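Chain residues, written in single-letter form:
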Amino acid sequence: MSYDLGAVVPLSMKVQDASGAPANAGNMRLTITLPDGTTTVVDPVTPASTGVYTHGYQTVQSGLHQVRWLATGANACASTDVFDIRAAAAPMLFSLADAKDQLAIPATSTGDDDEIRDYIAATTVAVEYFVGPVIRRTVRQVLQGDRGAWVLHTTPVLSITSVTPVQVWQLGIEMGVLDVDTETGIVRRTDGIWFYSGDYRVVYEAGRATVQPNVSLAGKLILQHLWRTRYGAARGVSSADDFLATEQVPGFGYAIPNRALQLLQNDRQLDGFA
């Protein structure tokens, strides 16, 4: 399960003696390795009760964190684990409320909310594989000059933010002379001059200002399908249901239901999205 950036993650470790009974360690050390490689160390960790060590970690970075408990001295042992922190602006195709409505989960039932948001994030990735970026994101790409046009690899393009020469001897390019085809990602100069020699780092925004109803609905159908494979009959799935995990879509296995794929057909990118 993922946590939101800024949340306090509850970490715990249990220690037993040789007979399997709860027992304190001689010393307990907790090391948390952050996504950027830095570490946070708590040493010693005081037991909350006999053999039970806990720590609430205040998150400051998004990404995968590594956890290492190390007990030394009496009842020596060790344990490793990981936890993930969502970005502050997590890529989600639709809201938690919309997802719960699609799954017929009452708004007052909140026990699965964090897990549902993980499913929404996974669904968003699945949809973007077919149609390209939907959620707005910043893309950085290095392009070679000495040519009449550039092709941005991530489309649709919302806007170009900056163009910066990589080599110190290069000439800069005025943003006002750039014309971008937002659907194809082709960039040309309106003054008729080729792009100067050398490499240029182009920063641009990709995604969609408006999410089309067919894209949003396809995402909800994928979410529903994945959720039903998780809970099966507990969510009222019948043997005649056309979202069963046994219905394979040729070329895509069991994760993408046919209905969702059909809804995405008119928006599909031939090479998928990388």
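Residues numbered from 1 in each chain as written. Predicted model: local features only at pLDDT ≥ 70, side-chain atom pairs only at ≥ 80, totals over all residues. Heavy atoms only, no water.

## As for the overall build of the protein chain
(1) Moving on: When helices and strands are tallied, the protein chain shows four helices and 14 strands.
(2) Moving on: Within the protein chain, the proportion of its 274 residues that are buried is 36%.
(3) Moving on: Here the contacts in the protein chain between residues at least 6 apart in sequence split such that 67% fall between residues at least 24 apart.
(4) Moving on: Of the roughly 14700 Å² of accessible surface on the protein chain, a fraction of 52% belongs to carbon and sulfur atoms. (Helix = DSSP H or I, 4+ residues; strand = E, 2+ residues; numbered from the N terminus. Buried < 20%, exposed > 50% of the residue type's maximum accessible area, 1.4 Å probe, protein only. Contact = heavy atoms within 4.5 Å. Areas by Shrake-Rupley, 256 points an atom, 1.4 Å probe, with all protein chains shown as cover.)

## Quick word on the pairing of strand S14 (residues 199-206)
(1) Moving on: For S14, the tally of buried residues reaches six of eight residues, placing the bulk of the element in the interior.
(2) Moving on: Alignment of strand S9 (residues 137-144) against S14, held across eight bridges, turns out to be antiparallel. When the bridges of S14 are listed, Arg140 appears paired with Val203.
(3) Moving on: Direction of pairing for strand S11 (residues 157-165) relative to S14: antiparallel, over a ladder of seven bridges. Residue Ser159 lies in a different strand from S14, and its bridge partner there is Glu205. (Pairing = 2+ DSSP bridges.)

## Overview of the environment of Tyr57
(1) Moving on: Locating Tyr57 in the fold gives a position in strand S6 (residues 52-58).
(2) Moving on: A relative accessible area of 5% means that Tyr57 is categorised as buried.
(3) Moving on: For the pair Tyr57 and Val9, spaced 48 residues apart in sequence, the C-alpha to C-alpha distance is 5.1 Å.
(4) Moving on: Not counting residues within four places of it along the chain, the set of residues in contact with Tyr57 comprises Ala7, Val8, Val9, Leu11, Ile32, Leu34, Thr40, His65 and Phe83.

## A word on the environment of Val60
(1) Moving on: Mapping Val60 onto the fold places it in the loop between S6 and strand S7 (63-72).
(2) Moving on: Separated by 55 residues in the primary sequence, Val60 and Leu5 have C-alpha atoms spaced 6.5 Å apart.
(3) Moving on: Setting aside its immediate chain neighbours within four residues, Val60 contacts Leu5 and Leu34.

## As for the sheet that holds strand S2 (residues 8-14)
(1) Moving on: The three strands are arranged S2-S6-S5 in an open sheet whose pairing can be described as antiparallel. For this open sheet the edge positions go to S2 and strand S5 (47-49), each flanked by a neighbour on one side alone. Sheet twist, expressed as the mean angle between neighbouring strand axes with direction ignored, is 40 degrees.
(2) Moving on: Here S5 runs beside S6; their pairing, made up of two bridges, is antiparallel. Looking across to S6, one finds that Pro47 is bridged to Tyr53. (Axes fitted to C-alpha atoms, helices over the stretch in contact; angles between N-to-C directions.)

## Quick look at the environment of Trp150
(1) Moving on: Position of Trp150 among the secondary structure elements: in strand S10 (residues 149-151).
(2) Moving on: Separated by 36 residues in the primary sequence, Trp150 and Ile186 place their C-alpha atoms 5.7 Å from one another.
(3) Moving on: Those residues within four positions of Trp150 in sequence are excluded, and the remaining contacts are Leu143, Gln144, Gly145, Val163, Ile173, Gly185, Ile186, Val187, Phe195, Tyr200 and Val202.

## Describing the nonpolar core
(1) Moving on: Ile116, Val127, Val134, Leu223 and Leu264 are the most contacted members of the largest nonpolar core, which totals 24 residues.
(2) Moving on: Of all the elements in the fold, those that place two or more residues in this core are helix H2 (113-131), helix H3 (213-231) and helix H4 (258-264).
(3) Moving on: If you tally residues by element for this core, the top one is H2, at seven residues.
(4) Moving on: Ranked by size, the runner-up nonpolar core spans 19 residues in total, among them Val9, Leu34, Val67 and Phe83. (Core = buried A, V, L, I, M, F, W, Y, C linked by side-chain atoms within 4.5 Å.)

## Describing unusual backbone geometry
(1) Moving on: Note that the residue after Asp43, namely Pro44, is joined by a cis bond; omega there is 5 degrees.
(2) Moving on: In this model, Ala104 sits at a positive phi of 60 degrees, which is unusual for a non-glycine residue.
(3) Moving on: Tracing the backbone shows Ala104 in the loop between helix H1 (96-102) and H2.
(4) Moving on: In the Ramachandran plot, Asp146 falls in the positive-phi region, its phi being about 60 degrees despite a non-glycine side chain.

Nothing here speaks to function; it is all geometry.
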